[in-house]
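Okay, here's what each chain looks like letter by letter:
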Amino acid sequence: MSMIAAFYGGKSILITGATGFLGKVLIEKLCRTSPDLKVIYILVRPKAGHTLQQRVSQIINTKLFEKVREVCPNLHEKIRAISADLNQNDFAISKEDMQELLSCTNIIFHCAATVRFDDHLRHAVQLNVTATQQLLFMASQMPKLEAFIHISTAFSNCNLKHIDEVIYPCSVEPKKIIDSMEWWDDAIVDEIAPKLMGDWPNTYTYTKALGEMVVQQESGNLNIAIIRPSIVGATWQEPFPGWVDNLNGPNGMIVAAGRGFLRAIRASPLAVADLIPVDTVINLTLAVGWYTAVHRPKSTLIYHCTSGNLNPCNWGKMGCQVLSTFEKIPFEKAFRRPHADFTANTITVHYWNAVSHRAPAMIYDIYLWLTGRKPRMTKLMNRLLRTISMLEYFINRSWEWSTYNTEMLMSELSPEDQRIFNFDVRQLNWLEYIENYVLGVKKYLLKEDMAGIPEAKQHLRRLRNIYYLFNTVFFLIAWRLLIARSQIARNVWFFIMW
Ligand SMILES: CCCCCCCCCCCCCCCCCCCCCCCCCCCCCC(=O)SCCNC(=O)CCNC(=O)[C@H](O)C(C)(C)COP(=O)(O)OP(=O)(O)OC[C@H]1O[C@@H](n2cnc3c(N)ncnc32)[C@H](O)[C@@H]1OP(=O)(O)O
Ligand SMILES: NC(=O)C1=CN([C@@H]2O[C@H](COP(=O)(O)OP(=O)(O)OC[C@H]3O[C@@H](n4cnc5c(N)ncnc54)[C@H](OP(=O)(O)O)[C@@H]3O)[C@@H](O)[C@H]2O)C=CC1
């Protein structure tokens, strides 16, 4: 019998960020392995045109929940959506709901965050810092609470090269920043943001670091643990390989490369690509929830959920595997054939951006304009290049994360729990994982049918012919112009012909 699965039986669990990427996989695994849990409260913000129940149904009626619907037919009853907005005071939760949460919750998993790199500092502080502080305050009033698990990121200290499982202080106290946000107007925030952020590359990583400090400072008597995943990718094994549903991180890049938009990138092929499958993160999260509640460690333990030091793989190897998978299972409606150039040189980057990205987009837009359609490719390309510029920081550096706590936890699990809640990334075969990842992007994100593969291959062959034709015509015109203007070129030409 799994100790972890048994532990969650009969429990009332509160999850924030349940409608997000990690949140969905967390609910799925919890309900599948502990179908006898009492209830999962999820804090969901109302979205225009969708009731809370519709939002829940949208999640649990997807392919991700196919297996769990069999194991737990009363899934709808297990999940209780509570209307809440983490940006509001008391999260705008009704009095009755708040009462129920305070009196019943046994475990909290805090996943909600803004993961946008370019979010305004005020908004990022509100969600990643202030909301965490408020949730901790709520937690302190929960008599039945056994554990509070905070999901952070391995990049919260990306300004360091070697990162231990400790909380590193930021130069300005988070409480001061929270207070200041109330009376600073946006202009002041904009001016002061770069000074506050120092060597953090974006508001996301900076506010996640502040969030950790808040957790440390406001932990009181709570039983808390922090999990720091690196770049979270598609599922490795469970409930099935390759599931992914958003464009964040590598996902958007795989789409862009597979459709032929992204053909070159400023990336260091030898830098470690610290990817971690989402199901691995969730298995560790559930194990940490159990361990924190049952063993009640004296201090707040931090768990790095990373792959680099146990099973490293670099961007070069990953990029190659992505490209070779495109040959077997191409994406539909490609703009150009998938291709990749890594470069570290700034001049080469500008050259590739002009030749491989902007020029084809402009040519296509001219074609759209000439055929009476609205040009859109240049705009899309500019957006892609902006996204890439934000990711570049992470694909040109390597970090080392120590994983003592994570390895300690692994050794604490029974063999059965090690199997059911497997977070041993040493067992991961990268080539197989990447192939399933690309396939998952095609099937679950782009919703493309496998039956369309022959047509997609045919389309790529047409693109290849257009490419050859374009290059031939381009070469002939250039040569003709050269002959018209240069005696040497003319001599060479007559020599060849003769
Ligand atoms: C498996 C390995 C893959 C590797 C290789 C793939 C390619 C291989 C082919 C070869 C090419 C050359 C080799 C390349 C090798 C390296 C490539 C590596 C790439 C991977 C890098 C990953 C690094 C991630 C680092 C993460 C560190 C921290 C991790 C975390 O803790 S949190 C999660 C990370 N968070 C994010 O990723 C959020 C980032 N997003 C944003 O900040 C914003 O969305 C934005 C990028 C700033 C864009 O903002 P905008 O306001 O402009 O747009 P908006 O968000 O409103 O969206 C508008 C429309 O655009 C669509 N869209 C959004 N993001 C993307 C995207 N990434 N790609 C494509 N499209 C995107 C969005 O859907 C909207 O569409 P619409 O609704 O139709 O308008
Ligand atoms: N994805 C990754 O690569 C990594 C993620 N992480 C961390 O994991 C956690 C989860 O990330 P991920 O699932 O990818 O993020 P998503 O962006 O997919 O999900 C964010 C979740 O937060 C919710 N949320 C945002 N704003 C509010 C609000 N004002 N009130 C209530 N709920 C809100 C969203 O709800 P809604 O559906 O309404 O928008 C959504 O459920 C985060 O803490 C992140 O920092 C760490 C490392 C890597």
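This is a predicted model, so every value here is computed, not measured. (Residues numbered from 1 in each chain as written. Chains lettered and ligands numbered in written order. Predicted model: local features only at pLDDT ≥ 70, side-chain atom pairs only at ≥ 80, totals over all residues. Heavy atoms only, no water.)

### Describing the overall build of the protein chain
Quick reminder of the rule: Working definition: helices are DSSP H or I runs of at least four residues, strands are E runs of at least two. Numbering for both runs from the N terminus. Here the globule rule is a power law, 2.2 Å times the number of residues to the power 0.38, and the radius of gyration is based on C-alpha atoms. In what follows, a contact means two residues having at least one pair of non-hydrogen atoms within 4.5 Å.
When its secondary structure is counted, the protein chain shows 20 helices and 13 strands. Taking 23 Å as the expected radius of gyration for a compact globule of 498 residues, we find that the protein chain reaches 26 Å, a close match to that expectation. Over its C-alpha atoms, taken along the principal directions, the protein chain stretches across nearly 95 × 55 × 45 Å. Here the analysis covers contacts within the protein chain between residues at least 6 apart in sequence; of these, 83% occur between residues at least 24 apart.

### Remarks on the site of ligand 1
Test applied: Here a residue is considered near a molecule or strand provided that any single heavy atom belonging to it is located within 4 Å of it. The term polar contact refers here to a pair of N or O atoms within 3.5 Å; inside protein, the definition further demands a hydrogen-donor-capable atom paired with an acceptor-capable atom, and it admits residues adjacent in sequence only when both atoms are side-chain atoms. Note on residue categories: nonpolar means Ala, Val, Leu, Ile, Met, Phe, Trp, Tyr, Cys or Pro, charged means Asp, Glu, Lys or Arg, and polar means any other residue, Gly included.
The immediate surroundings of ligand 1 are formed by 32 residues, with R116, F117, Y204, G249 and R386 found nearest. A distance of 3.1 Å separates an oxygen atom of ligand 1 from a polar side-chain atom of T153. Measuring from an oxygen atom of ligand 1, one finds a side-chain N or O atom of Y204 at 2.7 Å. Contributing elements (two or more residues each) for the shell around ligand 1: α11 (250–258), α13 (315–328), α15 (377–395) and α18 (430–445). With 7 residues, the top contributor of residues to the shell around ligand 1 is α15. For the shell around ligand 1, the residue count by class is 23 nonpolar, 5 polar and 4 charged.

### Concerning the UniProt feature "domain: Thioester reductase (TE)" (unreviewed entry) in the protein chain
Rules: UniProt positions are given in the numbering used here, feature names are shortened, and annotations may be inferred rather than shown by experiment.
UniProt's feature table lists "domain: Thioester reductase (TE)" (unreviewed entry) at residues 15–284, given in the numbering used throughout. Helix makes up 42% of residues 15–284 and strand 14%, and the two end C-alpha atoms of the span are 16 Å apart.

### What about the side chain of D274?
This is how the line gets drawn: Relative accessibility under 20% of the residue-type maximum defines a buried residue, over 50% an exposed one, and the middle range a partly exposed one, all with a 1.4 Å probe and only protein chains included. The charged-residue count follows a simple rule in which Lys and Arg add positive charge and Asp and Glu add negative charge, with His and chain termini not counted at all. By salt bridge we mean one thing: a side-chain nitrogen of Lys or Arg within 4 Å of a carboxyl oxygen of Asp or Glu.
Within the fold, D274 resides in the loop between β9 (264–266) and β10 (275–277). The charged side chain of D274 is buried without a salt bridge, its nearest counter-charge being K161 at 11 Å. Aside from chain neighbours lying at most four places away, what touches D274 is S230, I231, T306, S307, G308 and W401.

### With respect to the domain arrangement of the protein chain
Rules: Where each domain begins and ends is defined by an automated method or by a domain database.
Taken as a whole, the protein chain is organised into domain 1 (3–244 + 267–314 + 398–445) and domain 2 (449–498). The straight-line distance from the C-alpha centre of domain 1 to that of domain 2 is 52 Å.

### Overview of the UniProt feature "domain: Fatty acyl-CoA reductase C-terminal" (unreviewed entry) in the protein chain
This chain's UniProt record puts "domain: Fatty acyl-CoA reductase C-terminal" (unreviewed entry) on residues 357–448. Counting secondary structure, residues 357–448 comes out at 70% helix and 2% strand; the distance between its end C-alpha atoms is 25 Å.

### Considerations on the packing of aromatic side chains
Just so we agree on the cut-off: Note on aromatic contacts: the rings of Phe and Tyr and the six-membered ring of Trp form a pair at centre separations within 6.5 Å, being stacked when their planes are under 30 degrees apart, edge-to-face when over 60 apart, and tilted otherwise. By definition here, charges over rings are those cases where NZ of Lys or CZ of Arg is within 6 Å of the ring centre and within 35 degrees of the ring normal.
Using the criterion set out here, one finds 27 aromatic pairs in the structure. An aromatic cluster of at least three residues, connected via ring pairs, comprises F117, F155, Y204, Y393, F394, W399 and W401. Its guanidinium or amino end placed over the ring of F7, K11 lies 4.3 Å from that ring's centre, counting from NZ or CZ. Lying over the aromatic face of Y393, R397 brings its terminal NZ or CZ to 3.9 Å of the ring centre.

### Brief notes about the site of ligand 2
Put simply, the test is: Per-residue and other accessible areas follow the Shrake-Rupley method at a 1.4 Å probe size, with only the shown protein chains counted as cover for residues.
Within the structure, ligand 2 sits among 25 residues, and T19, R45, R55, Y204 and K208 are positioned closest to it. Take G20: an N or O atom from its main chain is 2.9 Å from an oxygen atom of ligand 2. Within the backbone of F21, an N or O atom sits 2.9 Å from an oxygen atom of ligand 2. Relative to its free-state accessible area of 900 Å², ligand 2 is covered by the protein chains to the extent of 89%. Elements that contribute at least two residues to the shell around ligand 2 include exactly α2 (21–33) and α10 (203–217). Residues of the shell around ligand 2, tallied by class, amount to 13 nonpolar, 7 polar and 5 charged.

### Some thoughts on the nonpolar core
Selection rule: The set of buried Ala, Val, Leu, Ile, Met, Phe, Trp, Tyr and Cys residues whose side-chain atoms join them within 4.5 Å is what this entry labels a nonpolar core.
Counting 158 residues, the largest nonpolar core has I15, L30, I42, F109 and L409 as the members making the most contacts within it. Element by element, the count of residues in this core is highest for helix α12 (residues 278–295), at 10 residues. Excluding its chain neighbours within four sequence positions, the residues that come into contact with I15 are L26, I27, L30, I40, Y41, I42, L43 and F109.

### Structural notes on the sheet that holds strand β4 (residues 107–110)
The condition is simple: Here a strand pair is declared whenever DSSP counts at least two bridges between the two strands. Geometry is summarised by axes, namely lines fitted to C-alpha atoms with helices restricted to the contacting stretch, and by angles between N-to-C directions that run from 0 to 180 degrees.
Pairing within the open sheet is parallel, and its 7 strands lie in the order β3-β2-β1-β4-β5-β7-β11. Each edge of the open sheet is held by one strand with a lone partner, namely β3 (79–83) and β11 (301–305). Taken over all neighbouring pairs, the strand axes of this sheet differ in orientation by 20° on average, direction set aside. In this sheet, strand β7 (residues 224–229) lies alongside strand β5 (residues 147–151) in parallel orientation, the contact comprising 4 bridges. Of the residues in β7, the one forming a bridge with H150 is I226.

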